[in-house]
Amino acid sequence: MHSRYALVLVPALCGAALAGVAYLGIHTGVDGTLGALLAFVGACAVAAGALVALLVPIRAGLLAALDGLLAVGALLTALAAWFLMQDLFLAAMVVTLGMLVVVRVVPTTPKARLTRLGLLAALVAGSLLALPAPDHPARAEQPAWRSFHGDLASRKFADVESFTPEAMSRLERAWEYRTGDVSDGSGELPATVWSATPIYANETLYLGTPLYRIIALDPATGTEIWSYDTRSTLEALTQPALKNRGVAYWESGGQGPCEKRVYIGTMDATLHAVDADTGTPCADFADGGVLNVNQWNDVNDEFPFSLLQPPTVVGDILLLGWAGKDWEYSVAPPGNLLAVDARTGALLWETAFIPEAMIERTGTANIWTAMSVDPELGLAYAPVSSPSPNYWGGDRTDPIPLATSVTAIDLETGAVAWTFQHVRHDIWDYDTPSAPTLVDIDRNGETIPALVQATKQGFLFVLDRRTGEPVFPVEDRAVPASDAQGEVAVETQPFPTAPAPLSDALDLPEVWWLADAMSLGQCSREREQYRYDGLFTPPSEQGTLMYPGTAGATNWGGVAVDPRTDVLYVNSMRVVQLIKLIPREEYERIGGESGAEEGYYPQEGSPYGFLLTDWSNWAGIPCWEPPFGTFSAIDLRTGERLWEVPFGMGQYWGFYGLRDWGTPTLGGPVVTAGGVVFIGASMDARVRALDAATGEELWSDRVHAPAVSIPAVFTHDGVDWVVFAVGGNPILKDQVADQVVAYRLGE
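Quick look at the structure, then. (Residues numbered from 1 in each chain as written. Predicted model: local features only at pLDDT ≥ 70, side-chain atom pairs only at ≥ 80, totals over all residues. Heavy atoms only, no water.)

Regarding helix H1 (residues 6-24)
In plain terms, the rule: Secondary structure elements are taken from DSSP: a helix is a run of H or I of four residues or more, a strand is a run of E of two residues or more, and numbering for both begins at the N terminus. In a helix, the anticipated span is given by 1.5 Å times the number of residues less one. Accessible area is worked out with a 1.4 Å probe on protein chains only. A residue is then buried under 20% of its type maximum, exposed over 50%, and partly exposed in between.
With 19 residues, H1 ought to run about 27 Å at 1.5 Å a step, and its terminal C-alpha atoms sit 26 Å apart, in line with that. Where H1 is concerned, the buried positions are Leu7, Val8, Leu9, Pro11, Ala12, Gly15, Ala16, Ala19, Gly20 and Ala22.

Right under this line is the structure:
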């Protein structure tokens with residue numbers, strides 16, 4: 001019996017227990033993953049080996065061999081703990097490894113036993129001291145955060161000076177709140193996807209939930225003030241999950257009931273208006289506080305007008321876009337923008353985006369994301385999506401000039417003032433994903449009222465928002481032809497000359513050697529097998545590598561702009577997807593399941609269904625080289641990229657990737673006057689503060705799921721706050737939550 005192995009057994013058992021907690025616990029960041037399970041098995045094996053050495057008489061030669069195996073096991077398990085980002089587990093395995101060295105090197109004497117105990121204590125203390133120190137509370141001058149992107153210009157800029165790079169060491173979690181409205185899809189409810197921007201107005205924090213409730217919170221404490229339940233149909237009518245991106249706020253300037261209102265839409269096409277102080281329905285709005293928006297869905301009504309994005313509020317007008325059921329039908333409801341009275345719900349005007357002559361052959365070109373408004377010009381700016389079917393356009397080859405565009409609309413009449421179509425004859429579902437950002441740019445001695453439209457294809461189009469004319473030149477360039485049955489792809493597409501495309505979108509990333517080696521050359525073979533002829537390579541029966549993928553280089557989170565410097569900040573992703581058109585007869589035979597924007601989709605009424613997947617090897621590792629996501633700063637006065645850094649950490653089987661690899665992102669940033677950018681968005685379920693001057697990570701905190709929302713930054717009672725809604729999205733990973741987290745600076 002070798003009693004000194006008790007020094008190895010104790011930390012190994014602690015490691016096994018901590019690994020078990022990581023795997024079986026809730027919101028550990030790796031719960032239920034294969035990586036955590038393997039690490040748990042590894043820690044148990046090390047503990048079992050130490051127990052054998054402790055209790056069983058073993059000859060010296062065999063004992064030395066066992067020590068070697070234990071050392072290798074402890075080292076590999078420590079590495080697993082490091083890639084799982086489980087600090088206490090890592091510390092336990094480091095101590096285990098250290099004590100293995102001690103029992104081999106230090107002789108067996110009474111004095112040596114004391115030495116071992118001292119070394120054990122030192123290793124434990126050192127490992128714990130090496131763990132990240134806790135943070136500490138906050139102050140500021142941003143009086144409101146009233147809309148999805150903070151303001152009608154969609155700048156996502158907070159005039160808060162206390163949040164500086166130097167102060168981030170004092171940023172701490174002040175409170176958190178759990179809505180209870182969450183589902184992973186394993187029970188009766190569909191899964192939830194929650195991307196709500198918290199709204200700060202009326203000295204209150206308002207949130208919409210994916211079960212279509214409104215919750216009002218005290219901003220200082222997170223205490224619930226009131227809640228309102230729409231009692232909506234909790235079915236995935238148009239989306240694969242129950243989705244919500246928040247609420248909208250309106251006030252008349254008067255006093256009395258419902259002079260301040262909060263609005264929430266539902267997937268089954270109702271818009272609810274409640275009193276902002278009490279949560280009581282506003283009886284004078286539509287039918288007792290509930291507007292049936294589907295009453296205007298009277299053409300090709302294959303699905304309801306799902307109100308997942310909150311209305312855009314300008315004066316006494318609510319601008320309503322809607323979401324549909326993507327990739328299912330060739331002929332679908334034609335996209336339109338509805339303007340309704342904020343008090344009564346009466347329809348004021350409607351703008352259509354599909355030519356009337358084409359309505360029998362296509363549909364959508366809707367507005368599913370947020371909009372921007374310039375009240376002085378009297379214009380709303382609508383990011384219009386692509387027409388249906390999304391990946392084959394043989395029945396809609398005539399021009400649809402308003403589709404896949406940014407379009408300016410007169411607020412009084414709904415008339416189109418101008419349009420800029422950034423994808424012609426869209427057969428890639430490169431719909432306009434985010435509200436354009438309005439900014440006045442100082443350029444060549446002139447101040448230009450501009451807008452910046454971020455696109456899925458990685459372009460940033462900078463336009464004069466009065467006329468739609470480009471601020472930087474835009475070139476027409478030849479693009480690949482289609483070989484699909486009946487398809488006629490356009491010969492040219494618009495390319496901005498500046499700023500440079502995000503995510504190096506003009507070139508397919510190289511094959512990643514690691515994924516290729518793991519798959520014995522699978523990635524290299526597929527690179528040769530599938531079609532790729534540059535950006536805008538059409539979908540094909542052969543299979544096309546699509547880059548950027550359907551989620552885009554950017555998505556609905558959009559960009560942030562500091563209006564003092566005209567510097568733009570944006571997170572972008574580098575994801576390659578494989579799309580394969582499947583002839584109808586074959587599709588009907590093999591078409592399978594879909595979800596999280598992957599799998600089989602029918603495009604009913606067209607010659608093709610299709611299969612869409614990420615381009616990965618057999619183990620699910622991306623075939624293209626990292627980084628998978630970046631964060632950039634761009635000078636809008638010159639179009640120059642100031643810096644670009646990998647952003648976030650990916651996660652595969654629970655193991656976290658290297659920082660240089662980055663991560664795909666969903667969500668958007670907020671930049672502050674103090675020089676700090678706040679953002680969630682990453683796969684690794686962390687919220688972060690970045691240095692606006694360099695992109696360096698200043699601070700981070702782990703939350704319960706990817707925070708695929710735009711944070712709210714505001715000042716309440718003289719204190720500056722940043723608040724995240726944490727909900728998750730299966731496009732990044734299968735992890736959902738119902739967490740609201742608020743941070744402030746310590747004293």
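A short note on the packing of aromatic side chains
Working definition: an aromatic ring pair is given by the centre-to-centre distance plus the angle between the planes. For clarity, the cut-off: Think of it this way: a Phe, Tyr or Trp ring, Trp meaning its six-membered ring, pairs with another when their centres are within 6.5 Å, and the plane angle makes it stacked under 30 degrees, edge-to-face over 60, tilted otherwise. The rule is short: NZ of Lys or CZ of Arg within 6 Å of the ring centre and within 35 degrees of the ring normal puts a charge over the ring.
In total, this model carries 31 aromatic pairs according to the counting rule given. Relative to Trp322, the ring of Phe305 lies with its centre 4.1 Å away and its plane at 5°, an arrangement referred to as stacked. Linking Phe305 in the loop between strand E12 (290-292) and strand E13 (312-314) with Trp322 in the loop between strand E14 (317-320) and strand E15 (336-341), this pair joins segments that are 17 residues apart in sequence. Overall, the relative accessible area of 2% leaves Phe305 in the buried class. Centre to centre, the rings of Trp624 and Phe628 are 5.9 Å apart; their planes meet at 85°, and the pair counts as edge-to-face. The burial state of Trp624 is the same as that of Phe628; both residues are buried. Grouped by ring-pair contacts, the aromatic residues Phe420, Trp428, Tyr430, Phe459, Phe461, Phe495 and Phe536 constitute a single cluster. Sitting over the face of the ring of Phe647, Arg688 holds its NZ or CZ atom 5.5 Å from the ring centroid.

Describing the pattern of salt bridges
Quick note on the threshold: We define a salt bridge as a side-chain nitrogen of Lys or Arg found within 4 Å of a carboxyl oxygen belonging to Asp or Glu.
For the structure shown, the criterion picks out 25 salt bridges. Note that Asp483 is salt-bridged to Arg531, the shortest N-O span being 3.8 Å. Highlighted residues: Asp483 in the loop between strand E24 (474-478) and strand E25 (492-496) and Arg531 in the loop between helix H7 (522-529) and strand E26 (544-546), separated in sequence by 48 residues. Notably, a salt bridge pairs Glu697 with Arg688, separated by 2.8 Å at the nearest N-O pair. Through salt bridges with shared partners, a single ionic network connects Arg659, Asp684, Arg688 and Glu697.

Note that every value here comes from positions in space, so none of it alone points to a role or purpose.
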